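Spelled out, the chains give:
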Amino acid sequence: MKRIFDYIGRLLGISFIPTLSTEELQHLFKTKYRCFRELLTANNNALEAMAELETALRDGRTFSMSFIRSKSTMVTVNIFKMIQNLRKMADGGYVNLEKSFGRIQEQIDAIIDKEITEIEGDWFIPINRVNRSQVEQTGEKMANLGEAGTLFGINIPPGFAVTSSASRLFYLENNLYPGINRIFQQTDPHDIEDMHKKSEEVQQLIINSPLPKELERQLYKQFDQLLEMTDADIKVAVRSSALGEDLGRASFAGLYHTELNVDRDQLILAYKTVLASKYSTRAMTYRLTKGYRHEDIVMCAGCLVMVNATISGICYSRSIGGRIGTLDIFFAHGSAKGIVDGTKTTNHYTLEQNVPHRIVEKLRDPNDPHPPLTDEQAVALAEISMKLEHHFGSPQDIEWSIDPAGKIYVLQSRPISVHLFNAETNGNMIFQDDRLILQGGVSGCNGAGSGPVFIVRTNADMNQFPKKAVLVVEHPLPEWAPLLKRAAALVAETGSEAGHLATISREFGLPALLSLDQATQTLINGETVTVDATNRAVYRGCIDELLEQNDKRPNPMDGSPVQQILIDVLKLITPLNLTDPASPYFRAALCETMHDLTRFCHEKSVIEMFGFGKRYHFDEGAAKRLVDNMPLEWWVINLADGFSPDFDSTSRFINVTEVISTPMIAIWQGMHAYTWEGPPSVSIRGMGAIFFQSTMNPGLEPAVASAMTTKNYFLVSRNYCNLSVRLGYHYAMIEAFISSLRTERYVTFRFKGGAADESRRVGRIELLAEILSRFDFRVELTGDALNARVEKRAQNFLFGRLKVLGYLIIHTRQIDMVMADPQQYQRYRTKFIQEIEEMLSND
Amino acid sequence: MTNGRPFKLEAALKIHLLMVDDEPDFKEIIQKRLSRMGIQLSLADCCVAALETLESQPVDVIIMDVSMPGIDGIQCLKKVKEQWPQIEVIILTGHASVKSGIEGMQGGAFDYCLKPIDVLELLEKVELAAQKALVNKENAKA
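Keep in mind it's a predicted model, so treat the numbers as computed, not measured. (Residues numbered from 1 in each chain as written. Chains lettered and ligands numbered in written order. Predicted model: local features only at pLDDT ≥ 70, side-chain atom pairs only at ≥ 80, totals over all residues.)

Caption draft 1: Highlighting the nonpolar core. Residue and element names in this part refer to chain A. Ranked by size, the top nonpolar core spans 264 residues in total, and within it Val 470, Leu 471 and Val 491 carry the most contacts. Here this core gets 11 residues from one element, more than from any other, and that element is helix α3 (residues 65-89). Not counting residues within four places of it along the chain, the set of residues in contact with Val 491 comprises Val 470, Val 472, Leu 513, Leu 516, Ala 519, Val 531 and Val 538. (Core = buried A, V, L, I, M, F, W, Y, C linked by C-beta atoms within 7 Å. Buried ≥ 20, exposed ≤ 12 C-beta atoms within 10 Å, placed from the backbone. Helix = DSSP H or I, 4+ residues; strand = E, 2+ residues; numbered from the N terminus. Contact = placed C-beta atoms within 7 Å.)

Here's what the structure looks like:
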């Protein structure tokens, strides 16, 4: 009785207390039990959010910052709840938990809310004074172009960069960020129609905002200075140059706006249009897919004098079609716009990378009436390409124009984001039968894809585009980019490997067949086809044989800033350091991750709850021994409403029929569904190994003597059951909460140890893991410890899972002795699966 | 998150719920769904209106948006908890942030829900909050 008074004394904060009535004590118990339940629910929710974060990273799914934010918040909020509830249960104890929690939470906040450092500087820099070191001010493209211009023999057009300081000023003066954030917080990034609408709204907001007066004045001044330097009648191209892109990994090809032929009157509008294009649907979906945060991208611009181009094109300083030792030149009459937009048919020359840059192949468009590139020009372009590759240290994708005087201008140079795709087998494997619909074209990205045809001509069509359909378009315009992530393949009537959409399809590993004549006329909406880009053909139906050639699609988020944030956040969330509750290091102050905190709180909550029962409600006679014929002792402790009201509480024994805890009944049914066939017959060596381990393993002392005879406890309420089992040398725990509320429901299983050496123990754990996964558990393995969970499912389904656990607890006893024998392993595996399936089918 | 499986509302049917949010469309949707389930529900546009409601009638559970004009949800939560500690509050927020979530919980919120709302998830949280609010009520009597 003294202990009861001690406890209540602690609770009320006085040292001497009068006897409390039974009602009052029951009431205290109720309060504690409620905390316990809330803690369990929070534990369940925290673990689920952790699993979602881990799965997103492991499966290479596309995830956004808001996903990371919301799931991390779910984890922290629920752990906060666990701590609060545990501290309530423990009468204000575990003070250090809050310190550990605060420390970890702050670290997570710092990673998630990290802001980019802003550099203040000039609003404008003449392009001939720009180099790579100014990337923070000028953005990637202008920094690269300025740097290229410093090289001997490379011409770039005159012009100036409009810096990040200028665009920041514009945003701040107009207070644009809060408005933009508000609009996007209410946007579903996976709904293209919604994205189009919101993107339009934000772009209008930017375009309608006035440029700060002084900035406007100086922008005109820069333009006028260009006039003085050059002809009186110049026009400029206003080009985007975003800061925060990592062009080595992501091309950002064609995502932003370029305004060509801009005169003085159109200058301000053109600049704002370029700034606004940061929020185009295609730019935003691309960033989402590739793992870039919108807030990390700052738009800068470049105003470059227009080159009066007679011929323009793209060079790849290393052939992207799989050829070794060559480079590619794509070109067409006039400006390069038609090539990168994929609207022009292009000519394609291949040259050797080494001097004297011998021309290996010329693919001319027979319908192009214009004079082609001369051999001298081709060689000069090859020289420029190799010079840029050497200077920048990686293969380059170079945009260029030639003026009427024959002078070559470099307009852009950026790393090739996807170096190679193997075009070796091009056209080698064609099924010449009635399945063949179309043949020819060029491969923009190798591989094969199958799905129903969906022809896209307008934005409205985009909104209807179904997942895994074959995207068929006339021109491979960059504006179709948002569909690439959900398409099975891309087919276009025009375009080349050098187009922006082709570049992006390679980044996503999407099979792309371009320049395929008559595609929009021949292919019929809804008809299932197989597009074989590698061999340049389209077939009726789905041809699995062709799909087999595909490599695994690359994860577009690999190496991205958002992926890195998730990796860093997960380091503070998921690792479990506190694994052993018996260890002296199992302490609140030593929790290093959110997972440690959940583990600690959960462990201690069970002790607090159980402790209460011991202290009062179930003192001495509290545990009731189950009447059963198994050679093991099973005891039941009623936490609340787990026994039938008719049960005589003075009795020392209880029949299972008097238990009304639904999870416990399910476990019990699983335990008794089949008779245990007894321990396996073991070779002397196998038995020897067990004994040897028993004497060697200090973790088993002094438990060895008592372990065989330990009582096993069920802690129950109507909806809850916690079963701790020490069967022989291993430890297992089943815990379940199955109420009418789906969010609360869960079943977990922990298993650890065993007397056999590592390989045998792991053998059994692997068998358990395999069977549990087969029956829908989420399984986590660390060494010889196993954690399995399933939650938020229908009640009957979860009762079924409890039966599986009950079955396994009984039938996997002592089998580690034979786990090293593959035949025995297989025999047990087959038997277990068969019996479990039979047991579940009887439900 | 949800799979449309029905569950039993018990405690939620015995309580009076107040919803505080400045977005009329959102409020209307939630009101329709909750009323259809048989939950007794009042509405308020802002913190001041919410406090007025609390003065005039008993409320057990509040659903409250964090971002509201005037007094924001976190401040409002604190005011409510100061005067009516037995009321359970579920915080809603459109923009997840670890900080705001914890602030809400530290301010004594029962739970935290992200917009866009999964109605089934919200209902389950309401049921749990209602269960707790009923216990609070009993305790207050005792």
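Caption draft 2: Summary view of the confidence of the model for chain A. Residue and element names in this part refer to chain A. Across chain A, pLDDT averages 82, with 86% of residues at or above 70. Of the regions scoring below 50 in pLDDT, residues 1-19 engages in 15 contacts with residues more than four places distant in sequence or in other chains. pLDDT under 50 marks residues 616-620. Its contacts with residues more than four places away, or in other chains, come to 11 contacts. (pLDDT = per-residue confidence, 0-100.)

Caption draft 3: Layout of the sheet that holds strand β2 (residues 40-44) of chain B. Residues and elements named next belong to chain B. Reading across from one edge, β2-β1-β3-β4-β5 is the order of the 5 strands in this open sheet, with parallel pairing throughout. In this open sheet, the two strands that pair with only one neighbour each are β2 and β5 (111-114). Neighbour-to-neighbour, the strand axes of the sheet open up by a mean angle of 20 degrees, direction not taken into account. The sheet contact formed by strand β1 (residues 16-20) and β2 spans 5 bridges and is parallel. The partner of His 16 across the bridge, within β2, is Gln 40. Its contacts with the sheet place helix α3 (residues 73-83) against β1, β3 (61-65) and β4 (88-93), and it is angled at close to 160 degrees to β3. (Pairing = 2+ DSSP bridges. Axes fitted to C-alpha atoms, helices over the stretch in contact; angles between N-to-C directions.)

Caption draft 4: How the structure looks around the interface of chain A and chain B. Counting from both sides, the interface comprises 22 residues of chain A and, opposite them, 21 residues of chain B. Of all the secondary structure elements, the ones that give two or more residues to the side of chain A that touches chain B are α2 (22-58), α3 and α4 (95-112) of chain A. The leading source of residues in the side of chain A that touches chain B is α3 of chain A, at 9 residues. Taken together, the residues of the side of chain A that touches chain B sort by class into 6 nonpolar, 11 polar and 5 charged. (Nonpolar A, V, L, I, M, F, W, Y, C, P; charged D, E, K, R; others polar.)

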